[in-house]
Amino acid sequence: MIVFIYQFDWRYALVLIVTLAAYFLFTTIATNHRIAIRRQMNESDTDANQKAIDSLLNYETVKYFSAEQREAERYDRSMIHYEKASTHSYVSLSILNAGQTVIYIIGVTVMMVMCVYDIEAGRNSIGDFVLINALMIQLSQPLNFMGTFYREVRQAIIDIETMFSILAKSPEISDKSNAQDLRVESAEIVFEDVYFHYDPARPILKGVSFVAPPGKTIAIVGPSGAGKSTISRLMFRFYEPQSGRITIDGQNIQDVTQTSLRAVIGMVPQDTVLFNDTIGYNIRYGRWDAHDDEVREAARSAQIDRFIESLPGGYDAQVGERGLKLSGGEKQRVAIARTMLKGPPILILDEATSALDSYTEHEIQEALRRVAKGRTTLVIAHRLSTVVEADEILFLDQGRIIERGRHEELIARNGLYAGMWNRQRQAAEARAKLLEAEKEVNL
Ligand SMILES: Nc1ncnc2c1ncn2[C@@H]1O[C@H](COP(=O)(O)OP(=O)(O)O)[C@@H](O)[C@H]1O
Ligand SMILES: [Mg+2]
């Protein structure tokens, strides 16, 4: 350290400080500039992935419309963005590295030239020249390391920022801090003046009130889009009503834990989606610790046992993504079987038999009646033949209950329900006549 210690020369120190300052300034500015590019690259990568998954999941629709080419082009367009962003990112990385090297070399060269002049003037020796050179080369390594480190950290933060933004989101529905577990004794459900909308501009439920007494069956009927399935989603607390209360055995469902609430409700949904696993796995989903015999018993009650036994793999047969290897009616019966296995005190059947032909529907109705026995049941139905025996029928239209009562009362009243009933009966009679005519022709 002859130069810096024995005969400290401020000129060399100044050149070094200026070089380092320029180096850090350049690294910071260039890295920050690259953040935008990196973000763009990540976004186009996500976009391309989403498009690929979307078209693979909906591959049947893609084929119905012979849209393979269009889908491939859509994916290509996203990939082109990714390609561009990716190239851009690597070019900018090279510029960053080259810039850092150039700045440093300029600094070293200036010092070397200064040293040469000092040797000429007799102020420095050849040894000083070698020393300065060696020191500067040594310094370049930690500098490079720091530059890379800074870049990598910034890049990693960008890469996981989406994850952080997801983690920072608080769930729309969360348990209250003092939430208790729901205690069910008789399973009485009460809706008190419930108002609900998904979007403030479009109210869905406008003051719905009803009581489902313990063990009774309440049917909710009405046109498509009236808000019937919404009622079942509110029961499960996927959403919360904007005003009004929903109680089970006197406990507001907003005040209890979601897990305990969902544990007591069994649901056969309108469209059943299965897991890409075996059919046995999908039935067992209702209750994990169920015995094999219980799984078989549930399958028998849901009238799907014979179908399963006819499959090459039996209960170990794969159902495909979202259950696409099964027909709509088979999926629905799997859903019924797993709900039977769960055996909850409250049952919601949302158009549970809509995907079945009338013969199977009739058989399942019998099974559903058996499970509904002793359970408080909400039956949502479009086909009125399935609700005739309900203890009370609610006719929902545009978010309001406009008629309620037992089947005979509603028919006698000759209102909307009676109108819908007559239309459906006429259709059923026409179907029966057609069948008879067909039989005659065949004979
Ligand atoms: N997640 C949602 N976001 C916005 N609107 C929705 C959502 N789910 C359902 N809707 C709308 O709410 C209305 C009622 O839906 P739903 O309760 O499913 O009707 P249905 O009586 O046929 O079961 C429909 O018009 C539907 O478009
Ligand atoms: Mg519905």
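Check the entry above for the structure.
Each residue is numbered by its place in its chain's sequence as written, counting from 1. Whichever chain is written first is A, and whichever ligand is written first is 1; the rest continue in order. Residue-level local features of this predicted model are given only where pLDDT is at least 70; pairs of side-chain atoms are given and counted only at 80 or more, and the full residue set underlies all totals for whole chains, interfaces and linings. As a convention, hydrogens and water are excluded, and side-chain values are obtained from all of the structure's heavy atoms.

**Describing the sheet that holds strand E2 (residues 202-212)**
One open sheet holds the four strands; their spatial order is E2-E1-E4-E5, and the pairing between them is antiparallel. Of all strands in the sheet, those bounded by a partner on one side alone are E2 and strand E5 (251-252). A pair of strands is considered paired only if DSSP assigns at least 2 bridges between the two. Helix and strand definitions here come from DSSP, where helices need a minimum of 4 consecutive H or I residues and strands a minimum of 2 consecutive E residues; each element is numbered from the N-terminal end. The sheet contact formed by strand E4 (residues 243-248) and E5 spans two bridges and is antiparallel. When the sheet's bridge partners are listed, Ile248 is paired in E5 with Gln251. When checking whether two residues touch, look at their non-hydrogen atoms; a contact exists if any pair is within 4.5 Å. Every angle, taken between N-to-C directions, lies between 0 and 180 degrees, and every axis is a line fitted to C-alpha atoms, over only the stretch in contact when it is a helix. Along the sheet, helix H7 (residues 228-235) contacts strand E1 (189-199), E2 and E4; its crossing angle with E1, the most-contacted strand, is approximately 110°.

**Details of the environment of Ala48**
By the secondary structure assignment, Ala48 is in helix H2 (residues 10-57). Each residue is assigned to one of three classes by its accessible area relative to the maximum for its type, calculated with a 1.4 Å probe on protein chains only: buried under 20%, partly exposed between the two thresholds, exposed over 50%. Judged by relative accessible area, which is 1%, Ala48 ranks as buried. When the C-alpha atoms of Ala48 and Leu341 are compared, they prove to be 41 Å apart, with 293 residues separating the residues in sequence. The contact partners of Ala48, leaving out residues within four places of it in the chain, are Tyr75, Ser78 and Met79.

**Section: the sheet that holds strand E10 (residues 400-405)**
The six strands lie next to each other as E6-E7-E8-E3-E9-E10, forming an open sheet whose pairing is mixed. At either end of the open sheet lies a strand with only one pairing partner, and these are strand E6 (265-268) and E10. Each neighbouring strand pair of the sheet contributes to a mean axis angle of 20°, computed without reference to strand direction. Pairing of E6 with strand E7 (residues 346-350), which is carried by four bridges, proceeds in the parallel orientation. From the neighbouring strand, Gly266 faces E7, where its bridge partner is Leu347. Against the sheet, helix H12 (residues 328-342) contacts E6 and E7, and its axis sits at roughly 170° relative to E6.

**Regarding the side chain of Thr31**
Counting through the fold element by element, Thr31 comes out in helix H2. Of the residues examined, Thr31 reaches a relative accessible area of 2% and is grouped as buried. Setting aside chain neighbours within four positions, we find Thr31 in contact with Leu96, Tyr150, Arg151 and Arg154.

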